[in-house]
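Chain and residue survey
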Amino acid sequence: MESVVIIRYAEIHLKGKNRGYFERVFTVNIERALRGISHELHRIGGRYLIADFRQDCAEEILSRLSRVFGIHSYSLGYLTENSVEEIYCAAQIVAPQSGSFKVETHRADKKYPLTSMELNAEIGAKLLSERKGLSVDVHAPQHYVYIDVRENGKALVFGSFLQGAGGMPVGTSGKGLLLISGGIDSPVAGHMLAKRGMTVELLHFHSYPYTNEQAKEKVIELSRELAPYTGTRKLSTVSVTKIQEEIHAKCAAELNVTLLRRFMFRIAERVAKREGDACIITGESLGQVASQTIEGMTSSNAVVSLPVLRPLVGFDKDEIIERSKKIGTFETSVLPFEDCCTVFLPDFPATKPKLSFIEAEESKLNVEELVQNALSTLETISF
């Protein structure tokens, strides 16, 4: 009998002849998540097992697995021979000393001599005879003893299913560049695309010295908090200070944010193409702020050829906050350090700007020179 962590994958089983590719990426992601913890990763049929780890590392392993996309569920349990005696030994460890319980068996090995019901009855009866504080409740038990009889003469015994992160393994759906600010929305957007298997790279725009170093550190911390989900280990930053100063000096005040967003998209597209990213990702939600109207989004899209993905477009703020808390970025996002979009913010920003008006105001600027100047400030921060 051996202590193991049992992993079951999510949508990968739907991939037919391509399943092998998804399983290989899935395996790499599990190993990456467990880097620094001594262990062995094995495969038994449709299950992955983490074995040969120190028992005091078990909780850390479970914590890290909770952020690996592609996992449907996982359990801390035991790998045994499939004899009734060996299964019962493991069940004794898993079962409680008192309270109601139920034994539930799954047989991947259909040639096993006992049916699921027979094995349930056999193990349940042995536990009842040994522990007088136990009672059987097949409808609403307080505890479970799960038995999974596999095809290779082995069985898995465990007491609970922990919900996995779901989705697809990161790295199976291409690469995208997330425009990450210091706010609540963009980290949630990056998390959602990573859940669909996309490798998410990060780009942050800052306006130093109008924004301070604490604002930058806040975004670095958000990037670190996203990393267990996305696998990202670097953050690119670009200064848009000169761009904002030029817009503020030469263009209609109500278009400050709209024009800045168009420059951000131009810069993001060039960074994305340089890095091999197939799309730009933003945390925009329709109607949330003045620049996130359909007219504002259309204006930004007009200056790039890459697709722009907005996974939060139909979410309200409460839904986004709930997800932010769930993934662990909320507390950092609400720290009081502002990003570049708050610099030179007009009193009455345009909510439905006409593209002809935007282009006329933008013609007052040397667009290409400003883009090149901004790109020259690009910095990569590894963490």
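Residues numbered from 1 in each chain as written. Predicted model: local features only at pLDDT ≥ 70, side-chain atom pairs only at ≥ 80, totals over all residues. Heavy atoms only, no water.

1. Re a nonpolar patch on the surface
Operational definition: Residues enter a patch when their relative accessible area is above 30% and they make no salt bridge; the linking distance is 9 Å between like charges and 5 Å between nonpolar side chains (Val, Leu, Ile, Met, Phe, Trp, Tyr). Note that accessible areas follow from Shrake-Rupley with a 1.4 Å probe, and for residues the cover is restricted to the protein chains shown. We define a salt bridge as a side-chain nitrogen of Lys or Arg found within 4 Å of a carboxyl oxygen belonging to Asp or Glu. Helix and strand labels come from DSSP, where a helix needs a run of H or I of at least four residues and a strand needs a run of E of at least two; each type is numbered from the N terminus. Whether a residue is buried, partly exposed or exposed follows from its accessible area with a 1.4 Å probe, protein chains only, as a fraction of its type maximum: under 20%, in between, or over 50%, in that order.
A surface patch of nonpolar side chains, amounting to about 230 Å² of accessible area, comprises L128, V136 and V138. Position of V138 relative to the elements: it lies in the loop between β6 (134–136) and β7 (143–149). We classify V138 as partly exposed; its relative accessible area is 45%.

2. Section: the pattern of salt bridges
Counted by the stated rule, this structure contains 25 salt bridges. We note a salt bridge from E60 to R64, for which the minimum N-O separation is 2.8 Å. Within this pair, E60 and its partner R64 are both found in helix α2 (residues 58–65), separated by four residues, close to a single helical turn. We note a salt bridge from E221 to R224, for which the minimum N-O separation is 3.6 Å. Note that E221 and R224 are positioned in helix α6 (residues 213–230) at a spacing of three residues, about one turn of the helix. By relative accessible area, which is 42% here, R224 ends up partly exposed. A cluster of three or more residues bridged by salt bridges with shared partners is formed by R47, D148, R150 and E151.

3. So, a negative patch on the surface
Cut-off, in case you're wondering: The positive count covers Lys and Arg only, the negative count covers Asp and Glu only, and His and the chain ends enter neither. Positions of charges follow a simple convention, taking NZ of Lys, CZ of Arg, CG of Asp or CD of Glu.
Taken together, the side chains of D316, D318, E319 and E322 make up a negatively charged region of the molecular surface. Looking at D318, the relative accessible area reads 60%, which means it is exposed.

4. With respect to the nonpolar core
So the rule is basically this: The criterion is simple. A nonpolar core is a set of buried Ala, Val, Leu, Ile, Met, Phe, Trp, Tyr and Cys residues joined through side-chain atoms within 4.5 Å. The contact criterion used is simple: two residues touch if any of their non-hydrogen atoms lie within 4.5 Å.
With 32 residues, the main nonpolar core has L203, F205, I243, I247, F263 and I267 as its most contacted residues. Contributions of two or more residues to this core are made by β10 (175–179), β11 (199–206), α7 (241–250), α8 (256–275) and α13 (367–375). With nine residues, the top contributor of residues to this core is α8. Ignoring anything within four residues of it in the chain, the contact list for I247 reads N256, L259, L260, F263 and L365. Of all hydrophobic cores here, the second largest spans 27 residues; its members include A165, L178, V219 and Y229.

5. Regarding the side chain of R310
Along the polypeptide, R310 turns up in the loop between β14 (308–309) and α10 (317–327). With near-sequence residues (within four places) excluded, R310 lies in contact with F265, T282, E284, M297, S300 and N301.

6. Remarks on the sheet that holds β10
What holds strands together in a sheet is hydrogen bonding between their backbones, with the strands either parallel or antiparallel. Applicable threshold: Here the rule is simple: two strands pair whenever DSSP picks up at least two bridges between them.
The strand order β14-β13-β10-β11-β12-β15 describes an open sheet built from six strands, whose pairing is mixed. In this open sheet, the two strands that pair with only one neighbour each are β14 and β15 (379–382). The pairing of β10 with strand β13 (residues 279–281) spans three bridges and is classified as parallel. The residue bridging L177 from the neighbouring strand is I280, located in β13.

7. Some points on the environment of G314
Within the fold, G314 resides in the loop between β14 and α10. The class for G314 is exposed, based on a relative accessible area of 66%. C-alpha of G314 to C-alpha of F357: the two residues are 43 residues apart in sequence and 27 Å apart in space.

8. Things to note about helix α3 (residues 84–94)
Convention followed: This arc is built from the directions going out from the helix axis to the C-beta atoms.
V84, I87, Y88, A90 and A91 are the residues of α3 that are buried. Down the axis of α3, the sector holding all buried residues measures 165°, keeping them to one side. Tucked inside the fold, the buried residues of α3 contact β4 (71–81), α4 (116–130), β7 and β8 (154–158).

9. Regarding the packing of aromatic side chains
Stated formally: The pairing test for Phe, Tyr and Trp rings, Trp by its six-membered ring, is centres within 6.5 Å, and the orientation test on the planes gives stacked under 30 degrees, edge-to-face over 60, and tilted for anything in between. Geometrically, a charge over a ring is one whose NZ (Lys) or CZ (Arg) sits within 6 Å of the ring centre while staying within 35 degrees of the ring normal.
Counting across every chain of the model gives nine aromatic pairs. Aromatic side chains Y144 and Y146 sit 5.0 Å apart centroid to centroid with 10° between the ring planes, which places their arrangement in the stacked category. On the basis of relative accessibility, which here comes to 25%, the residue Y144 falls in the partly exposed class. Y146 gets classed as buried once you look at its relative accessible area, which sits at 12%. Residues F158 and F161 carry aromatic rings whose centres are separated by 5.1 Å and whose planes lie at 90° to one another, so their mutual orientation is edge-to-face. Cluster of aromatic residues (ring-pair linked, three or more members): Y144, Y146, F158 and F161. Sitting over the ring of F263, R266 keeps its end group 5.4 Å from the ring centre.

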